Amino acid sequence: MGLTGSTSPAVLAIDAGNSKTDVVVVAADGSVLGKSRGGGFQPPSVGVGAAVDALAETVVAAAAAAGLADPSGAGRPFVPHVSACLANADLPVEERELGEAVQARGWGRTTEVRNDTFAILRAGLPGDAEPRGVAVVCGAGINCVGMLPDGRTARFPAIGRISGDWGGGAGLAEEALWFAARAEDGRGEPTALARTLPAHFGLDSMYALIEALHLGRIPYPRRHELTPVLFATSAAGDPIARSVVRRLAEEVVALSTVALSRLGLLDEEVPVLLGGSVLAARHPELDEQIAKLLAARAPRAVIGVVTAPPVLGAALLGLDRVEASAEARTRLRAYFG
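Rules used throughout
Residues numbered from 1 in each chain as written. Predicted model: local features only at pLDDT ≥ 70, side-chain atom pairs only at ≥ 80, totals over all residues. Heavy atoms only, no water. Salt bridge = Lys/Arg side-chain N within 4 Å of Asp/Glu carboxyl O. Buried < 20%, exposed > 50% of the residue type's maximum accessible area, 1.4 Å probe, protein only. Pairing = 2+ DSSP bridges. Helix = DSSP H or I, 4+ residues; strand = E, 2+ residues; numbered from the N terminus. Axes fitted to C-alpha atoms, helices over the stretch in contact; angles between N-to-C directions. Phe/Tyr/Trp six-rings, centres within 6.5 Å; stacked < 30°, edge-to-face > 60°. Lys NZ or Arg CZ within 6 Å of the ring centre and 35° of its normal. Parallel < 35°, antiparallel > 145°, perpendicular 65-115°, else oblique. Left-handed = near helix turned anticlockwise from the far one by under 90°. Contact = heavy atoms within 4.5 Å. Nonpolar A, V, L, I, M, F, W, Y, C, P; charged D, E, K, R; others polar. Expected span 1.5 Å × (residues − 1). Core = buried A, V, L, I, M, F, W, Y, C linked by side-chain atoms within 4.5 Å. Right-handed = clockwise from strand over helix to strand, strands pointing away.

(A) Region of the structure containing the pattern of salt bridges. According to the stated counting rule, one finds 17 salt bridges in the structure shown. Two residues, Asp-185 and Arg-187, come together in a salt bridge whose shortest N-O distance is 2.8 Å. The exposed category is assigned to Arg-187, whose relative accessible area is 56%. Between Arg-329 and Asp-320 there is a salt bridge, with its nearest N and O atoms 3.6 Å apart.

Here you go:
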């Protein structure tokens, strides 16, 4: 497309996660013209149509913030390109289905939908670097993608245990509960988790916590609160908690080295970027184990932690697509700090 220097809308960038959605309208010179935040994007729960309907509300709000007409019924594109990085777009077939649904809204002349892990990868690459590297994201779930400038990618289905996944905030909390329950009733080894997990909710035993979770007195989403408790218990020296943390480090390194190998980057100096709430929290023991294990398997890899908002990555992917200038990408990065 070759748009350069223009302050007219060029990219509609969308980062839609399970819990929240960020949308920005970006000019070809990298200026942010408008932005909005909405709720989570969950097509498996509500269906593709309803999920995109909810997404549309956030797009309309971002367009309004940019001083643009309501795009919901305009019948013509209001940007050249839509760059959407979406949760639950885990398989290529899901990306195509969601891409068709977003393109049908008519927001842009072209639309590209990717899994939201690609946004973390693009956001974390330093300066005006080419999209070349690997990202591992550990938030509610765990995923990994790799990308080369020529468009080749490495990825995993990342849809849970049936696709071989282990880890993520939800999985870590479940693992901690499993060890703690067995420690309390005698089936497993002793662990301080049997005390620290229920104490987080003001309860005095794992039995009380199990009952509260099972009967819904503690809502299901609050299980995620137990992941930081696991790390704190590990940092205090508990062997069982520490074994779970070390297993997560092994999983992060396994994902990243397989992706590097698939792209022919295992022996090259290349960024391995860590993102998501669990990895961005910078737990010292986890960071140390990841660095140690990765150095043994990919000694030239350079670890980075991504703290920039993922919507930056979606917007940069969009600017890549419209062939915006290096100055535009620099301006956009500066906006997000």
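(B) Structural view of the sheet that holds strand 4 (residues 79–86). On the basis of which strands lie adjacent, the open sheet formed by five strands has the order 3-2-1-4-5 and mixed pairing. Edge positions in the open sheet fall to strand 3 (32–39) and strand 5 (108–115), since each of these has one partner strand only. Across the sheet, the mean angle separating the axes of adjacent strands is 15 degrees when strand polarity is ignored. Pairing analysis gives six bridges linking strand 1 (residues 9–16) to strand 4, with the strands arranged parallel. The residue of strand 4 that forms the bridge with Leu-12 is Val-82.

(C) Here's a closer look at the packing of aromatic side chains. Taken as a whole and judged by the stated rule, the model has two aromatic pairs. Look at Trp-178 and Phe-179: their rings are 5.0 Å apart centre to centre, the planes differ by 85 degrees, and that puts the pair in the edge-to-face class. Centroid distance Tyr-335 to Phe-336: 5.1 Å. Interplanar angle 85 degrees. Geometry classified as edge-to-face. Stacked on the ring of Phe-118, the Lys or Arg Arg-114 has its end atom at 5.2 Å from the ring centre.

(D) Quick peek at the sheet that holds strand 9 (residues 270–275). Strand order in the open sheet formed by five strands is 8-7-6-9-10, and the pairing between neighbours is mixed. Edge positions in the sheet fall to strand 8 (153–155) and strand 10 (301–305), since each has one partner strand and no second. Averaged over neighbouring strand pairs, the angle between their axes works out to 15 degrees when direction is ignored. Across three bridges, the pairing between strand 7 (residues 142–147) and strand 8 is antiparallel. In the strand pairing of strand 8, Gly-146 is matched with Ala-154.

(E) The packing of helix 5 (residues 168–185) against helix 9 (residues 239–262), seen in detail. The geometry of helix 5 relative to helix 9 is characterised by a closest axis approach of 10 Å and an angle of 150 degrees between their N-to-C directions. Comparing the axis directions of helix 5 and helix 9 gives the class roughly antiparallel. Classified by chirality, the crossing of helix 9 by helix 5 is right-handed. Counted together, Leu-172, Glu-175 and Phe-179 of helix 5 and Ile-240, Val-244, Arg-247 and Leu-248 of helix 9 form the full contact between these two elements. Considered class by class, the residues forming the contact of helix 5 with helix 9 number five nonpolar, no polar and two charged.

(F) Helix 2 (residues 48–65), seen in detail. Here helix 2 is 18 residues long and its end C-alpha atoms lie 26 Å apart, about the 26 Å a rise of 1.5 Å per residue gives. Buried residues of helix 2: Ala-51, Val-52, Leu-55, Ala-56, Thr-58, Val-59, Ala-62 and Ala-63, and no others. Summarising the contacts, the buried residues of helix 2 are in contact with strand 1, strand 2 (20–27), strand 3, helix 1 (43–46) and helix 3 (92–103). One or two steps after helix 2, the chain reaches Gly-67, where phi turns positive at roughly 75 degrees.

(G) Molecular detail of the nonpolar core. Residues Leu-197 and Leu-248 are the most contacted members of the largest nonpolar core, which totals 52 residues. The element that contributes the greatest number of residues to this core is helix 9, accounting for 11 residues. Setting aside anything within four residues of it in sequence, one finds Leu-248 in contact with Cys-138, Ile-142, Trp-166, Gly-167, Leu-172, Phe-231, Val-278 and Leu-286. With 31 residues, the next largest nonpolar core counts Leu-273, Leu-316, Val-322 and Ala-324 among its residues.

(H) Main features of the pairing of strand 5. Here seven bridges tie strand 4 to strand 5, and the two strands are oriented parallel to one another. The residue bridging Ser-83 from the neighbouring strand is Glu-112, located in strand 5. Note on the crossover from strand 4 through helix 3 to strand 5: the handedness is right-handed.

(I) Local environment of helix 5. Its 18 residues place the ends of helix 5 26 Å apart at the C-alpha level, agreeing with the 26 Å of an ideal helix rising 1.5 Å per residue. Inspection of helix 5 places Gly-168, Gly-169, Leu-172, Ala-173, Ala-176, Leu-177, Ala-180, Ala-181 and Ala-183 among the buried residues, and these make up the whole buried set.

(J) Focus on the packing of helix 9 against helix 11 (residues 284–297). Between helix 9 and helix 11, the least distance of the axes is 9 Å, while the angle of their chain directions is 40 degrees. Taken together, the axis directions place helix 9 and helix 11 in an arrangement best described as oblique. The two elements helix 9 and helix 11 cross, and the hand of that crossing is right-handed. Contacts from Arg-242, Val-245, Arg-246, Leu-248, Ala-249, Glu-250, Val-252, Val-253, Ala-254, Ser-256 and Thr-257 of helix 9 reach helix 11 at Glu-285, Leu-286, Gln-289, Ile-290, Leu-293, Leu-294 and Arg-297. For the contact of helix 9 with helix 11, the class distribution of residues is 10 nonpolar, three polar and five charged.

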